[in-house]
2 protein chains.
Amino acid sequence: MSQQKLNLDKTDEFGEDFEITATDSTTFPPTYLVIRVHPASKEEAVKWLVGKIRGKKLLGGAELVVLRKPYDEDGLEFHVSASPIKFLEIAEEMELVKRDKHGQMREFTVNDLENFLVDGMNVDDFLTSAERQAIIRHELENIRALPTDIHVPGYPFYSMCEGQSVLHKCIQCGIISSIYALHDQEHLKKLGRSWYRSVFQKQPLDEIKIYFGESIALYFTFLGFYTTALLFPTFLGFVQLLVSIETLPVFCIFNVIWVTVFLEMWRRKSNELAYKWGTIGMTSLGEPRANFRGQMGKDPITGKLCPQYPRYKTYLKMYCVSFPIVIACLVGAYIIMLISFWMEDQIKYNPETWSQDLLLLPSVLYTALVYVMNCYYRKLATFLTEWENHRTQSQFDRHRVTKLILFEFVNNFMSLFYIAFIIQDMEMLRSQVATMLIILQAINHMQEAVLPLLINVGFAKISQWKNGWKNTRQTKSKQKAFEDSRYSREFLETIPAIDPSDSRLNQAEQEGQLEIYEETYDDYLEMFIQFGYVVLFSSVYPAAALWAVINNVLEIRADAFRLCLVHQRPISRKVKDIGAWQRAFEVIGGLSIMTNCGLLCLSPHIRSRMAHKTDLEYILTFIFLEHILLGIRYLLHIAIPDKPEWVRVELAKKSYESRQALKHEKALKSKRYLTRRFNTVHSKHPISGPALGNK
Amino acid sequence: MSQQKLNLDKTDEFGEDFEITATDSTTFPPTYLVIRVHPASKEEAVKWLVGKIRGKKLLGGAELVVLRKPYDEDGLEFHVSASPIKFLEIAEEMELVKRDKHGQMREFTVNDLENFLVDGMNVDDFLTSAERQAIIRHELENIRALPTDIHVPGYPFYSMCEGQSVLHKCIQCGIISSIYALHDQEHLKKLGRSWYRSVFQKQPLDEIKIYFGESIALYFTFLGFYTTALLFPTFLGFVQLLVSIETLPVFCIFNVIWVTVFLEMWRRKSNELAYKWGTIGMTSLGEPRANFRGQMGKDPITGKLCPQYPRYKTYLKMYCVSFPIVIACLVGAYIIMLISFWMEDQIKYNPETWSQDLLLLPSVLYTALVYVMNCYYRKLATFLTEWENHRTQSQFDRHRVTKLILFEFVNNFMSLFYIAFIIQDMEMLRSQVATMLIILQAINHMQEAVLPLLINVGFAKISQWKNGWKNTRQTKSKQKAFEDSRYSREFLETIPAIDPSDSRLNQAEQEGQLEIYEETYDDYLEMFIQFGYVVLFSSVYPAAALWAVINNVLEIRADAFRLCLVHQRPISRKVKDIGAWQRAFEVIGGLSIMTNCGLLCLSPHIRSRMAHKTDLEYILTFIFLEHILLGIRYLLHIAIPDKPEWVRVELAKKSYESRQALKHEKALKSKRYLTRRFNTVHSKHPISGPALGNK
Ligand SMILES: [Ca+2]
Ligand SMILES: [Ca+2]
């Protein structure tokens, strides 16, 4: 024990020691990220990049460990890692919040390491796999251009400005062709056994968080929470089929209460997790994202040097440019939808002009068009949000996702609104909702899991065969490595090479060819659309919840399978909540009150049961119902606190302790200052000392 | 300067010194609070109480300075104050947040005093008048019963439990007949000159805060902010009279935007003030109020000993008892209103049975009944909230005010809703709103300011005459003081007496007879009801805003005058926002969308202009308008951040600094521990020392 501590005190020496011995590939730590350089990249640029990654912090480097693939027929491939002590140092710098021995969540410091090691825990187990990966990514992204880096060496036309992220510049210029994380095969297998392979067990959420990071663990927690919550409307849906039609408004009330309570409880749950994961303190004033542009300056909060960009400019861009553009796109999408309906009507009601075989054409055309528009709109939204220049990654994600949600809302729900309230064809509405929930979700599963599985198996066969061939070539090419390369031998020899027999080489090649997992956006979107179908039209299609539950039980395992086997390992992300999705779900919840009241009001059955009322009275009844429901929603929203009591207490406790510490620090400083002053007075006038009190 | 500091270091001696010299009334500090003991109180109890007030902290006392009135024909009167150093000590204990030399808001500590004294500031000016008063009140309220205090001495049937506030117990038992603060005549005159005497100047809000404390300063800031904001609907009201009736929905939209933006901006403003006043950190987990009951235990946050009461019990009481009772009261009030309308109808439409002279009777009866009900309901609400046992004063206020607002809402607005939407008599509605805004507000001014002014002048005359008589008697009674008293001479002699010529004696007597200012509740209520009239029915009576502005300009000065001259000096209170009123105003804002859309829809003019639409289409138009407006409100609510950017940055900065301080403290401790351990190892095995690294 004490030896470990001694080593930790000798931080610097230990770190340096390590770097020297790292040339020997047997002691080389696991690869966390793989950087692939484009085959055509110039040596100067690559040399500069590697220099930055390995360089000293003081000279703007990242002090990471780099190893290269021994041969480079498809461009250089670098494996990036760090020494154990470096991980801890960066964790401190990143203000990683961890649970200490006494169960308190607080920022980790290397000096205080002992207090964070729960009994029996090894220093090597202290940081999770996802955290190590995030640390490497953080360091790579934070290699920023120095004032002397005017352009990328070898590429005079790729100019740079001070503070720009070197890594992102290299990706932008195509010098780096891809960056991806490597799976930890052993860990992955263990995770898989308790996850997608065991269908009837609880999800191993803690394990997921350790391996994939907070963002993905939060998605799966949400999925589980939502699926469990869906059991209530499923049950309600069954009961609804058994009772008379007049009681429908009662179900409507239950549904509103369910939606509101579910979302409020999720918010609590999410705050609880954020506290447990140490991410609850993340704010829009936190660490800037790598692509945040601005004049380098002192951060008003931390005093550290980082890009500064006035917030009002972001607001101006958002409200004066992005907002109108997004609105225009939404209106455009809406008009296209109307045209498709108009065309369908034309074909239907003019049988003499149009052949009835064409009846499906408009909706097929519309679906295709929506798909194309979606692709372009995604690019546009990403571009606009990037241009708005939000400071933190969470802000960026929130604004980007908000833009995307709006568009998806128009594309997915507007046609249903049109059918429900303009055409007022309830049969059509019901069949549409059913189709979407049953058929589309099934197709989705195919697309997401079954298809990639088949492709994967096929691919594995091919790659096995390929590898066999390559291995024989490798032994041949091992010696040839330097001759074949377009880079100078002197440069390549400065970077230690991985042993050609190392399994990581094969793994890196295989995983490099896997599909990239593009965050959790598509997964949340799927749930969002499903949620919309379930709650917006629950009064005409109460079975929706049942189908959603069936789908989600499959979805949990399919998504897990996909993440573990189909995709490249995603780079872990810290999040404190589900971001824009929370609000999006809440808005759907609010809209569901209006749509369901409207649907009930339009129902001919209910109208016939209330035949004694005039039209006006009838409509006013439903308007009254709607307002009562909105009121209930508001009351529930107020009555359920956002954070569980214990989280509030823990946070208040930490804040109190911190304030006390600040008070002590300031008082200590002040005392020191007074003592110094007092001493000075004494030493200057040693005689007047005793008389001081009477003066 | 350095002498001052030296004195501060010698805290304890200085404090004790002071208490001894305090027997000399010339050095006695200004009186902050006056405690009047009931003439019939037993000596044992009074002795015990005074002992507690003057007693040492360690023995459960408050260490305050007490002086008595020299004669006690109407019971004893104690003047309470504290020594200058005591004020500072308690300020530190109360975690008072002040602005330091560098403009940062942070908790004050005595050791760090120098950093809080802005250049040229004297130690005596450091705490404001309101703060000193609050400090004395805080200390008095926090004298808590020790385990040995089983009952009030002399009153065996007044049992006490550990941790109960001694002061509140004495008030409850009637031992203390009143506690009030004394005005600082000079300060008050200065404040008055720049406030109610100068009608066309800005309110001296900083001065108000210094003299009356945060709660009252916030009320006047709100009043000013609201009055300024009213200029917009006033202007809109003028324009509305000039244009055609079809444009009314446009005004409705403007009004919604105005209401929402006004309330959101006020929230920002209030957060800004809370930051500047150092109250933004107040939470429901803060310091418990004096009347908070519970088992004494360690606070989970601060670790200090204070009453603990499980929060779920409060929730249970709130939702299972208070909530149903309040609802029952509301329904009762509503039914009484309906009965009054029914009686009016009976009299109007049965001229043969009832004389038409009785037509006003139901509304007169109703008004009287409402007044009586209000009195009882207030007591009920206070009792229920007290019983619910909320931890902090702000929580208590919020829940009490919420109950009161609900009742006032039914009493003030339900009849108007009834006229507008059930009777649908727009003329009657308009005249009701106008009457309320013009006549009732004028009566209110009379009641609030003019009447008390007259009474005051008369009272001053009487009291002058009385004082003249008393003064002659005083000189007589000075020597007689001890003989007349029902208390023993030995006891009275332990408490220093004020010099009979001291002007404070007269002042205490006069101000003791003034009306008590019962917080800001009634003042906010007045504004709340006015706001309701202005926004709920703005589409039928657009001139409302103008009358409101006229009233408020007078109100600002009248309220100021009342506070300074008519009432006892209120005891200052720290608040961070306007509490339940913010939400109450917001709810009115939300309701105004519904009422105005409803009123527009009912307007026969608009109906005739849109005669081409069917009834259904016509109603749907307004429902659509309403939903659009609700949407706009929601968007504005999201788009306007609660706190100004600079406040967020400052708070984040402070939180960052505190966390850093905590980190350093923990690391320092850990280091010390390591060093100690290391030393121990060395000293135990001095020989094995050098070999330690290899072990
Ligand atoms: Ca999915
Ligand atoms: Ca008033």
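Note that the structure is predicted; figures quoted are calculated from it, not measured.

Remarks on the sheet that holds strand S3 (residues 77-81) of chain A
Residues and elements named next belong to chain A. If you walk across this open sheet you meet the 4 strands as S2-S3-S1-S8, and the pairing is antiparallel. Edge strands, defined here as strands with exactly one partner in the open sheet, are strand S2 (65-68) and strand S8 (176-181). Taking the axes of each pair of neighbouring strands and ignoring which way they run, one obtains an average angle of 25 degrees across the sheet. Contacting strand S1 (33-37), S2, S3 and S8, helix H3 (residues 43-54) runs over the sheet at an angle of about 10 degrees to S3. The strands touched by helix H7 (residues 129-141) within the sheet are S1, S3 and S8, with S1 carrying the most contacts at an inclination of about 40 degrees.

Quick notes on the packing of helix H14 (residues 393-423) of chain B against helix H18 (residues 521-536) of chain B
Residue and element names in this part refer to chain B. Look at H14 against H18: their axes get within 11 Å of each other, and the N-to-C directions meet at 35 degrees. The chirality of how H14 crosses H18 is right-handed. Between H14, through Val401, Leu404, Ile405, Glu408, Phe409, Asn412, Phe413, Leu416 and Phe417, and H18, the contact on the second element is made entirely by Tyr521, Leu525, Phe528, Ile529, Gly532, Tyr533 and Leu536.

A short note on helix H9 (residues 185-194) of chain A
Residue and element names in this part refer to chain A. Looking at H9, one finds that the buried residues are His187, Leu188, Leu191 and Gly192. Down the axis of H9, the smallest arc covering the buried residues is 135 degrees, so these residues share one side. With respect to the buried face of H9, the exposed residues turned more than 90 degrees away are Glu186, Lys189 and Lys190. On its buried side, H9 packs onto H7, helix H10 (205-212) and helix H20 (544-566).

Description of helix H9 (residues 205-212) of chain B
For H9 of chain B, every residue scored as buried is listed here: Ile208, Lys209, Tyr211 and Phe212 of chain B. A positive phi of about 95 degrees marks Gly213 of chain B, the residue just after H9 of chain B.

Digging into the sheet that holds strand S1 (residues 33-37) of chain B
All names here are of chain B. Pairing is antiparallel across the open sheet formed by 4 strands, whose spatial order is S2-S3-S1-S8. Here the strands that pair on one side only, and so sit at the sheet edges, are strand S2 (65-68) and strand S8 (176-181). Direction aside, neighbouring strands of the sheet carry axes that sit 25 degrees apart on average. Pairing of S1 with S8, which is carried by 5 bridges, proceeds in the antiparallel orientation. By the bridge assignment for S8, Ile35 is matched with Ile179. The strands touched by helix H3 (residues 43-54) are S1, S2, strand S3 (77-81) and S8; relative to S3, the strand with the most contacts, the crossing angle is about 10 degrees. Packed on one face of the sheet, helix H17 (residues 503-512) meets S1, S3 and S8 and runs near 110 degrees to S8.

Some remarks on the interface of chain A and chain B
Counting residues at the interface gives 62 residues for chain A, matched by 63 residues for chain B. Both sides together, the interface formed by chain A and chain B hides about 5,700 Å², and carbon and sulfur atoms give 59% of it. Linking chain A with chain B are 4 salt bridges. Note that Lys663 of chain A and Glu95 of chain B form a salt bridge whose closest N and O atoms lie 3.7 Å from each other. Elements supplying a minimum of two residues to the side of chain A that touches chain B: helix H1 (2-9), strand S5 (105-107), helix H5 (113-116), helix H13 (311-349), helix H21 (580-602), helix H23 (615-639) and helix H24 (645-684) of chain A. With 23 residues, H24 of chain A is the largest single contributor of residues to the side of chain A that touches chain B. Residues of the side of chain A that touches chain B, tallied by class, amount to 26 nonpolar, 14 polar and 22 charged.

Details of the pairing of strand S10 (residues 305-308) of chain A
All names here are of chain A. Where strand S9 (residues 295-298) and S10 come together, 4 bridges link them in antiparallel fashion. Note that in S10 the partner of Gly297 across the bridge is Cys306. Where S9 folds back onto S10 in an antiparallel hairpin, the turn is made up of 6 residues, including Gly303, whose phi is positive at roughly 80 degrees.

Topic: the packing of H10 of chain A against helix H11 (residues 214-242) of chain A
All names here are of chain A. Close contact between H10 and H11 brings their axes to 7 Å; oriented N to C, the two are set at 150 degrees. Here H11 runs roughly antiparallel to H10, going by the angle between their axes. When the axes of H10 and H11 are compared, the crossing they make is right-handed. Judged by residue contacts, Leu205, Ile208, Lys209 and Phe212 of H10 engage Glu214, Ile216, Ala217, Phe220 and Thr221 from H11. Here the contact of H10 with H11 is composed, by residue class, of 6 nonpolar, 1 polar and 2 charged.

Section: the packing of aromatic side chains
All names here are of chain B. Following the criterion strictly, the structure yields 70 aromatic pairs over all chains and no others. For the pair Tyr219 and Phe220, a centre-to-centre distance of 5.1 Å together with 65 degrees between the ring planes defines the contact as edge-to-face. Relative to Tyr226, the ring of Phe222 lies with its centre 6.0 Å away and its plane at 10 degrees, an arrangement referred to as stacked. Within this pair, Phe222 and its partner Tyr226 are both found in helix H10 (residues 214-242), separated by 4 residues, close to a single helical turn. The exposure class of Phe222 is buried, given its relative accessible area of 0%.

Comments concerning the UniProt feature "transmembrane region" (unreviewed entry) in chain A
All names here are of chain A. According to UniProt, the feature "transmembrane region" (unreviewed entry) maps to residues 216-242, 248-266, 318-343, 358-377, 404-423, 527-550, 584-606 and 618-636 in the numbering used here. Measuring from the first to the last C-alpha atom of residues 216-242 gives 40 Å, for a span that is 100% helix and 0% strand. Helix and strand shares over residues 618-636 are 100% and 0% respectively, and the end C-alpha atoms of the span are 27 Å apart.

Calculation criteria
- Residues numbered from 1 in each chain as written.
- Chains lettered and ligands numbered in written order.
- Predicted model: local features only at pLDDT ≥ 70, side-chain atom pairs only at ≥ 80, totals over all residues.
- Heavy atoms only, no water.
- Pairing = 2+ DSSP bridges.
- Helix = DSSP H or I, 4+ residues; strand = E, 2+ residues; numbered from the N terminus.
- Axes fitted to C-alpha atoms, helices over the stretch in contact; angles between N-to-C directions.
- Contact = heavy atoms within 4.5 Å.
- Left-handed = near helix turned anticlockwise from the far one by under 90°.
- Buried < 20%, exposed > 50% of the residue type's maximum accessible area, 1.4 Å probe, protein only.
- Arc of directions from axis to C-beta.
- Buried area = accessible area lost by both parts, 1.4 Å probe.
- Salt bridge = Lys/Arg side-chain N within 4 Å of Asp/Glu carboxyl O.
- Nonpolar A, V, L, I, M, F, W, Y, C, P; charged D, E, K, R; others polar.
- Parallel < 35°, antiparallel > 145°, perpendicular 65-115°, else oblique.
- Phe/Tyr/Trp six-rings, centres within 6.5 Å; stacked < 30°, edge-to-face > 60°.
- UniProt positions renumbered as here; feature names shortened; annotations may be inferred.

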